Amino acid sequence: MRQLRFWTPPEAGSDTLRLLRARLKGFERSRKTTVEVRVLPLSALWARFVDGLKGGPLPDAAAIPGHWTASLDRLGLLRGLSSAAPAFDLSTAYAPLRPHALSPLSGELVSVPWWMEVGVLQARSDLLEECGVDPGSLGDWEGLSAACKRLSRLRRRGIAPLTGADPMRPGTLEDLAPRIWSRGGEFLSPDGSRALFAREEAGRAFLDFFSLVEEGSVPISGPAGLPPGDISSGSCALQLSGRVSGSSKDGGAGAAALAPPSSEREAPLLSARHLAVFDGELFPESCALIHFLAGSARLFARDIGALPAREDALAEALEGMPEAAGTLRSCLSRARTLPDHPLFPPLGRILERASRRVVESIWRRTFTRELLREETVHAAAEADHLLSLYA
């Protein structure tokens with residue numbers, strides 16, 4: 001029996017393998033093929049792809065962040081899909097994701113959008129009511145900051161006022177991108193030759209977010225030093241996230257999806273997972289695998305609280321989410337994706353590394369605005385050096 005190797009980030013934490021295995025049973029039976037699923041954190045996934053350039057093992061297919069497509073294609077790791085049979089129809093994908101599926105070198109299809117998420121502010125209505133917070137006040141960053149102060153009383157019960165997209169890593173690109181855009185900033189210059197991390201607009205955005213971390217509204221660690229939890233675990237009252245949670249595990253009310261803190265320039269982050277085939281001997285079977293996964297995207301997206309990346313499946317999914325559909329449609333209409341620049345994945349890692357150092361300084365109580373400024377300046381200088389090497 002043939003075996004395919006499929007690598008994926010932990011889309012649903014420790015449940016990722018179980019959920020994928022359940023979805024893949026039909027494919028394995030019909031194709032008389034087994035699929036070896038390997039779940040790797042994004043940092044490890046990127047490192048394995050880089051190792052593949054040096055002769056290390058690569059998967060037959062993988063789930064990748066959509067904005068990685070251009071970079072992995074430029075590295076020569078992705079297999080073109082124009083010869084796949086049956087052919088992939090990119091026109092069925094949600095329109096803003098289509099550019100991320102194409103090779104910047106040849107224009108050929110090299111990845112297939114699978115599922116997506118758009119940044120929303122999730123809120124526990126029971127906890128807001130308990131602390132006297134009006135959900136209508138959360139429409140701008142100032143209102144969110146004021147709400148966090150009122151919600152701070154919950155910390156005595158081990159409940160954080162707010163967490164970011166990944167509670168264990170405050171200051172990710174998912175947290176920072178909407179703030180940078182709302183302040184009028186950008187990651188890169190229009191021609192993609194310079195990083196703009198150190199501009200005043202981006203600096204204000206960083207200060208917005210990390211001030212909440214410094215005051216304790218966004219936790220660095222949970223009770224008793226354990227990792228912070230998300231809103232579905234009952235660990236926070238508000239969460240900036242792209243997932244739509246169900247009921248809280250602590251028995252409280254479910255999380256309602258609200259529009260993110262906004263300004264006239266606010267654009268929520270639209271991020272997606274794409275499916276890609278790597279250069280292996282089982283190309284037809286690998287294409288069949290991603291055809292199968294893309295075709296069942298609505299089911300897997302529902303499993304993990306995300307949205308399918310096909311326009312017809314998206315419309316159907318939103319109809320089944322009446323309480324959140326209006327907010328999600330509003331956010332989707334204004335959303336932006338991360339740049340599809342071939343060097344953006346390593347540039348993003350540079351910025352997130354600077355964010356980790358800022359968080360560490362808050363933990364050590366050595367944080368200052370000057371330190372934040374120095375970190376962003378150094379990150380921009382490192383990014384500009386990398387960009388200059390590939391100009």
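Up top is the structure.
Because the structure is a prediction, the values reported are computed rather than measured.

1. Some words on the overall build of the protein chain
Across its full length, the protein chain holds 13 helices and 10 strands. Since a compact globule built from 391 residues should have a radius of gyration of about 21 Å, the 21 Å found for the protein chain is in line with a globular shape. C-alpha atoms of the protein chain, sized along the principal axes, occupy 60 × 50 × 40 Å. Counting all 391 residues of the protein chain, 52% fall into the buried class. In the protein chain, the share of contacts with a sequence separation of at least 24, taken over all contacts with a separation of at least 6, comes to 75%. Carbon and sulfur atoms form 51% of the exposed surface of the protein chain, whose accessible area is close to 17,200 Å². A distance of 3 Å separates the average location of the 46 positive side-chain charges in the protein chain from that of its 47 negative side-chain charges.

2. What about the sheet that holds strand β8 (residues 255–258)?
Strand order across the open sheet formed by 4 strands is β6-β7-β5-β8, with mixed pairing between neighbours. In this open sheet, the two strands that pair with only one neighbour each are β6 (160–163) and β8. Neighbour to neighbour, the strand axes of the sheet diverge by 20° on average, direction disregarded.

3. Description of the pairing of β8
Here β8 shows a buried face lined by A255 and A257 and an unburied face lined by A256 and L258. Sheet topology note: the strand β5 (residues 120–124)/β8 ladder contains 4 bridges and is antiparallel. Directly across from L121, in β8, lies its bridge partner L258.

4. What to know about unusual backbone geometry
Of note, K32 is a non-glycine position whose phi angle comes to about 50°, a positive value. Tracing the backbone through its elements, the reader meets K32 in the loop between α1 (16–31) and β2 (33–39). K32 sits in the exposed class, given a relative accessible area of 58%. The backbone of R365 sits at a positive phi, close to 65°, despite the residue not being glycine.

5. Structural notes on the pattern of salt bridges
One pass over the full model with this rule turns up 21 salt bridges. E285 is the partner of R31 in a salt bridge, and the nearest nitrogen-oxygen pair spans 2.8 Å. With a gap of 254 residues between them, R31 in helix α1 and E285 in helix α8 (residues 283–295) connect regions that are remote in the sequence. Here E130 ties to R157 by a salt bridge, and the two come within 2.4 Å at their closest N and O atoms. A residue pair is termed long-range when its members are at least 10 positions apart, and E130 in helix α4 (residues 125–130) and R157 in the loop between α5 (141–151) and β6 qualify at 27 residues. On the basis of relative accessibility, which here comes to 41%, the residue E130 falls in the partly exposed class. Among the ionic contacts, a cluster of salt bridges with common partners joins R2, R31 and E285.

Thresholds applied
- Residues numbered from 1 in each chain as written.
- Predicted model: local features only at pLDDT ≥ 70, side-chain atom pairs only at ≥ 80, totals over all residues.
- Heavy atoms only, no water.
- Helix = DSSP H or I, 4+ residues; strand = E, 2+ residues; numbered from the N terminus.
- Rg over C-alpha atoms; globule rule 2.2 N^0.38 Å.
- Buried < 20%, exposed > 50% of the residue type's maximum accessible area, 1.4 Å probe, protein only.
- Contact = heavy atoms within 4.5 Å.
- Areas by Shrake-Rupley, 256 points an atom, 1.4 Å probe, with all protein chains shown as cover.
- Lys, Arg positive; Asp, Glu negative; His and termini not counted.
- Charge placed at Lys NZ, Arg CZ, Asp CG, Glu CD.
- Pairing = 2+ DSSP bridges.
- Axes fitted to C-alpha atoms, helices over the stretch in contact; angles between N-to-C directions.
- Salt bridge = Lys/Arg side-chain N within 4 Å of Asp/Glu carboxyl O.

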